[in-house]
Amino acid sequence: MHHLSAREAQHLKPASFIRKHIFSLDHKVIGKQYYVLALVAALIGMVLSWLMRIHLAWTNYPIPSLHLLSANGAPGNVMTPEYYLQLMTMHATIMVFFVLTTAPFAAFGNYFLPIQVGAEDMPFPHFNMMSFWLTFSSLLVLMSSFFVADGPTLGGWTQYAPLSAVGSASGPGQGTGVVLWATAIGLFCIGQLLGSLNFITTTLDMRTKGMSMWRLPITVWAWFITSVMGLTAFAVLMPACILLILDHVAGTSFFVASGLVLNDQLLPHSGGSTLLWQHLFWFFGHPEVYIAIVPGVGIVSHVLIANMRRPMLSHRVLIYSMGALAVLSYMVYGHHMFVSGMNPVSSLAFSFPTLVITIPSTIIVVIWMGSIYGSKLRINTASLFALGFVSMFISGGVSGFFLAQPSIDIMLHATYFVVGHFHLVMGVAAIFGIFAGTYFWFPKMFGRMMSETLGKIHFWLTFVGSYCIFMPFHYLGIAGNVRRYQAFVDDYTQPLIPLHRFITVAAILTGLAQLIFLYNLIHSRFWGKIAPDNPWEATTLEWSTPTTPPPHNNFGDKLPEVFHDPYQYGVESSVGDYVMQASPEKVKSAHDEA
Amino acid sequence: MAKFFAVTIIVIAIVSAIPIVRHTWNPPANISTHGAMIDEQMSETMVEAGISFLVSQILLALFIWKFSSSRPGDKIKTFPGGAKAMVSAAFLLVGTEVLALGVFGVKAWATVYLTPPSANALPVQVQAGQFAFYFRYPGPDRTFGPLHPDLISEANANFFGLDTTHDQDSKDDIVTAEMAIPLNQEIHLLMHAKDVGHSFYVPALRVQQDFVPGLDLSLHFTATQIGKYEIVCTQLCGLGHYNMKAYLEVMSQQDFDSWLKKEAAMQ
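This is a predicted model, so every value here is computed, not measured.

Conventions and cut-offs
- Here the residue index of a chain counts from 1 through its sequence in written order.
- Working convention: letters from A go to chains and numbers from 1 go to ligands, in the order in which they are written.
- Local features in this predicted model are restricted to residues of pLDDT 70 or higher, and side-chain atom pairs are both shown and tallied only at a pLDDT of 80 or more, whereas totals for entire chains, interfaces and linings draw on every residue.
- Note on conventions: DSSP H or I runs of at least 4 residues are helices, E runs of at least 2 residues are strands, and numbering of each starts at the N terminus.
- We take the radius of gyration over the C-alpha atoms and set the globule estimate at 2.2 Å times the residue count to the 0.38 power.
- In this scheme the burial state of a residue depends on its C-beta neighbours within 10 Å: 20 or more other such atoms mean buried, 12 or fewer mean exposed, and anything in between means partly exposed; the C-beta positions come from the backbone.
- In this description, a residue-residue contact is defined by the distance between C-beta atoms placed from the backbone, which must lie within 7 Å.
- All axes here are fitted lines through C-alpha atoms, helices being fitted over the stretch that makes contact, and every angle between N-to-C directions spans 0 to 180 degrees.
- Each angle gets one of four labels, with under 35 degrees taken as roughly parallel, over 145 as roughly antiparallel, 65 to 115 as roughly perpendicular, and the rest as oblique.
- Crossings are classed by handedness, with left-handed meaning an anticlockwise turn of the near helix from the far one by less than a right angle and right-handed meaning a clockwise turn.
- At least two bridges found by DSSP between two strands is the condition for calling them paired.
- We call a set of buried Ala, Val, Leu, Ile, Met, Phe, Trp, Tyr and Cys residues a nonpolar core when their C-beta atoms link them within 7 Å.
- Residue ranges for the domains originate in an automatic or database domain assignment.
- Polarity classes work like this: nonpolar for Ala, Val, Leu, Ile, Met, Phe, Trp, Tyr, Cys and Pro, charged for Asp, Glu, Lys and Arg, and polar for all others, with Gly in that last group.
- Throughout, the bend at a residue refers to the angle made by two axes, fitted to the seven residues ending there and to the seven starting there.
- The predictor's confidence in any single residue is recorded as pLDDT, a number from 0 to 100.

A short note on the overall build of chain A
- Looking only at helices and strands, chain A has 18 helices and four strands in total.
- Compactness check: chain A gives a C-alpha radius of gyration of 24 Å against a globular reference of 25 Å for 594 residues, within 12% of the reference.
- Principal-axis analysis of the C-alpha atoms places the extent of chain A at approximately 80 × 50 × 50 Å.
- Here chain A, with 594 residues, has 64% of them falling under the buried criterion.

Dropping the structure here:
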């Protein structure tokens, strides 16, 4: 089961600083690099959201020093309409790609997937290193668009054509800004493809002795399913980005129809299709939502199990449900396009799988809840964030009932209702998954404990704050408040402005609460209490490493052998109410299905 | 801590539901014949989603409350009926719920999008461009003249690219910046975009449809309430997107006829 070249490559511990910490082949270092990248990206994305929120609530209020970011974008420190859209596009792109895709999947997956399957590394360490550095370059290319003449693109993270394809005539940032955006995303796609390839092969090919597929922890299943989605979804987005770049630099017309007029000039394009971009984008875009959330489902389940002291009510049904989400995610993408002008019969065809996808989602929630019932729940920061995730997943999920129906979408499409929906279910929930994973795994990753007191303060402020920000978005949407507006000039939106101000205040306070997390993270990294090998009394292989943090090759001289299903809690063993996967001790299985 | 958490979840769930139950924030009142169906579908979904939301959050809170204070000797209990019962119940309950919503929702959608406009519907053309809507009425000949994109000129106020010198049908076409329609008269709206994607959203009419450059799309609706309503763009179209709007005025047939005459005189 072991890949020879990986063994050879990994046996030698790197000596130089550069090979150890920068161009590292070690999946653990790469995982941490991804984590830091996501953390920096999240901070940038959060600051951008503050700027947007202040502008939305008090449109002409000067934000001190904003002109330093862009003299043209913020003359007199007041954002121009185009600069609002540019910041909005960057906020979304950074958050979706560099935080929600990167942290729960690439960061934690890289660090823990090989350890949890009992491998010394991934089979293609060079690809793994490339994957990170491509993602890093991608972020640099994206950020560089802040510094080009007319700034980043203003077309939104969805980059709908032809606005994105006709060049700077359609607005500031629509020339170089779009080309940089598409280049960044194209690079990101390659990085994700290489990463997914590694995740899939590690899961299938690098499992240690005794680690059958059903003995894999839920996290590994989640990352594996996500990798399969990533492999197919990013493989579609990448060529779409290439075609978009060609429309800019090679005079092609993939996404531009004939007879279009900008600034009284007939455009030289002909024969392209506006809707083609939307189909390609959403064929990636909807699976992307699940790429962001399925790892969270895995992490949260993993954290909950250790803190409930019992396995899930049904390990397999949970995995089947994640698989069903992945398969259905390709059949539902058209719900983003109900009023796009595609055939209205297609809207009905896309509506049914969208409604059906609530079934596996509900089953996942029901299994979580049924497992909490009768458990011996331990409350700590990690489990609080995991339970918070469940609450957010429910809240964000029920609004899906509305958006799945084309007739209701007529009213809610492109309103703040949609913004509230996806922020709760894919933004906040996924970030709660990242936090749960951080508080849970930090002791293993850095050998020190995080402060529980600070962690709990962070949790409370974030949990209540997130609801204060994102619940009102739904009310705005119901009232017909359109998204992607830099100011609300419509008569019927005037009464909504106080609600916008409430959201802005909540967003700033909740954002500030994240500084507590940042402090906790950095302080604990250097001065935290030394962590024991298995602080949560957990069962899976990451807690069986000979040292904490794990040594360079994860398990020392000998790879572990697996004797049990992943979550043997609620049993009687020599160590307590659990038995570790790598322990040969015989106990009565705790699994319902076993 | 766990009990406090449970109470917080319940408080958040109830507080979140209050504005919905009290109808604190509403869309503009419906003024179209088909809108009631959409509103009804919306209310039904609200009831189902609202119940699912409250029940799930409250159960989650109760379970956290009850099972976070176990003592060392306590045994793990399995949910009555185990996974099979729970999963089957969830499958059936949610399956029926979404199927019902899906099937009933088809009717509202089909009325707007799958039924053709009646023969006596009044045709109105709308063109969306950065960052304005323009409307065209066919005039006495009831025929729209052809469009010539190369003739479009904001400077000469030829917004549609009409050739009134050569095209007979264009001569009596009436181009306006505001949209007026007669009360209780079905409108057949013919939509096209001049430059990039836009959208035609009239919350009061319960109508939203994107403009797709390169595609001619159409909509039909009937307004039942005299008044002035906003048409706004919902598809990001550039820096002036937020300000891209026009007014829709619903008037009596008599007022409409004189409005059209006045507009025709100004061409």
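Having put the structure on the table, let's press on.
A few points about the overall build of chain B
- What chain B contains, in helices and strands, is four helices and 10 strands.
- Along chain B, from the amino end to the carboxyl end, the secondary structure elements read α-α-α-β-β-β-β-β-β-β-β-β-β-α.
- Taken over the C-alpha trace, chain B has a radius of gyration of 26 Å; the compact-globule value for 267 residues is 18 Å, which it surpasses by more than 25%.
- Over its C-alpha atoms, taken along the principal directions, chain B stretches across nearly 95 × 40 × 30 Å.
- Relative to its 267 residues, chain B shows a buried fraction of 40%.
- The long-range share in chain B, meaning contacts at least 24 apart out of those at least 6 apart in sequence, stands at 72%.

Considerations on the packing of helix 8 (residues 218–249) of chain A against helix 10 (residues 315–329) of chain A
Residue and element names in this part refer to chain A.
- For the pair helix 8 and helix 10, the least separation of the axes is 10 Å and the interaxial angle reads 15°. If you check the angle between helix 8 and helix 10, you find them roughly parallel. Classified by chirality, the crossing of helix 10 by helix 8 is right-handed. Residues Ile 218, Trp 221, Ala 222, Ile 225, Val 228 and Met 229 of helix 8 lie in contact with helix 10, whose contacting residues are Leu 318, Ile 319, Met 322, Gly 323, Ala 326 and Ser 329.

Section: the sheet that holds strand 8 (residues 217–222) of chain B
Residue and element names in this part refer to chain B.
- An order of 3-2-1-5-8 is seen for the five strands of this open sheet, with the pairing classed as mixed. Both outer strands of the open sheet, strand 3 (174–176) and strand 8, are each paired with one neighbouring strand and no more. In this sheet, adjacent strand axes meet at a mean angle of 25° when their direction is disregarded.
- Sheet analysis places strand 2 (residues 132–137) next to strand 3, joined by three bridges and oriented antiparallel. Across the sheet, Arg 136 pairs through a bridge with Val 175, a residue of strand 3.

Notes on the nonpolar core
- Core analysis: the largest hydrophobic core is formed by 270 residues, its most contacted members being A:Ala429 and A:Ala436.
- If you tally residues by element for this core, the top one is helix 5 (residues 81–117) of chain A, at 23 residues.
- Built from parts of two domains, this core gets at least three residues from each of domain 1 (2–69 + 78–113) and domain 2 (122–265) of chain B.
- The residues touching A:Ala436, leaving out its near neighbours within four places in the chain, are A:Ile299, A:Val300, A:Val303, A:Ala382, A:Phe385, A:Ala386 and A:Phe389.

Describing the environment of A:Ala479
- The topology assignment puts A:Ala479 in the loop between helix 17 (452–478) and helix 18 (497–527).
- For the pair A:Ala479 and A:Val36, spaced 443 residues apart in sequence, the C-alpha separation works out to 39 Å.
- Among residues more than four places away in sequence, those in contact with A:Ala479 are A:Leu496, B:Trp25, B:Asn26 and B:Pro27.

Describing the packing of helix 9 (residues 274–308) of chain A against helix 13 (residues 381–398) of chain A
Residues and elements named next belong to chain A.
- One can describe the packing of helix 9 onto helix 13 by two numbers: an axis separation of 9 Å at closest approach and a directional angle of 130°. By the angle between their axes, helix 9 is oblique relative to helix 13. In the crossing of helix 9 with helix 13, the sense of the turn from one axis to the other is left-handed. Across the interface between the two elements, Gly 296, Val 300, Val 303, Leu 304 and Asn 307 from helix 9 touch Ala 382, Ser 383, Ala 386 and Phe 389 from helix 13.
- Looking at the contact of helix 9 with helix 13 residue by residue, the classes come out as six nonpolar, three polar and no charged.

A few points about the interface of chain B and chain A
- Contacts between chain B and chain A engage 89 residues on the former and 89 residues on the latter.
- Residue assignment for the side of chain B that touches chain A shows that the elements contributing at least two residues are helix 1 (2–21), helix 2 (35–67), helix 3 (82–113), strand 6 (198–202), strand 7 (207–211) and strand 9 (227–232) of chain B.

Side note on helix 16 (residues 416–446) of chain A
Residues and elements named next belong to chain A.
- When the local axis directions of helix 16 are compared, the greatest deviation, roughly 45°, occurs at Phe 440, which is followed within four positions by the proline Pro 443.
- Counted residue by residue, helix 16 has 29 buried out of 31 residues, so it is predominantly covered.
- Within two residues after helix 16, Gly 447 carries a phi angle of roughly 75°, on the positive side.

A few points about the domain arrangement of chain B
All names here are of chain B.
- Domain parsing of chain B yields domain 1 (2–69 + 78–113) and domain 2 (122–265).
- The C-alpha centroid of domain 2 is placed 39 Å from the C-alpha centroid of domain 1.
- With 10 residues of domain 1 in contact, the opposing surface of domain 2 contributes 13 residues.
- Residue composition of the side of domain 1 that touches domain 2, by class: five nonpolar, five polar and no charged.

What to know about unusual backbone geometry
- Cis geometry is adopted by the peptide bond preceding A:Pro549, which originates at A:Thr548 and carries an omega value of -10°.
- Inspection of the secondary structure assignment puts A:Pro549 in the loop between helix 18 and strand 3 (568–569).
- Unlike most non-glycine residues, A:Asp264 shows phi in positive territory, near 65°.
- Within the element layout of this structure, A:Asp264 appears in the loop between strand 1 (261–262) and strand 2 (265–266).
- Phi at B:Arg206 is positive, roughly 60°, even though this residue is not glycine.
- Its location among the elements puts B:Arg206 in the loop between strand 6 and strand 7.
- For B:Arg206, a count of 25 C-beta atoms within 10 Å gives the class buried.

Notes on the confidence of the model for chain B
Residue and element names in this part refer to chain B.
- Confidence in the prediction of chain B, expressed as mean pLDDT, is 94, and 100% of residues score 70 or more.
- Element-level mean pLDDT values for chain B span from 87 in helix 3 up to 98 in strand 4 (residues 179–182).
- Both scores are given for the predicted complex: the pTM is 0.95, the ipTM 0.96.

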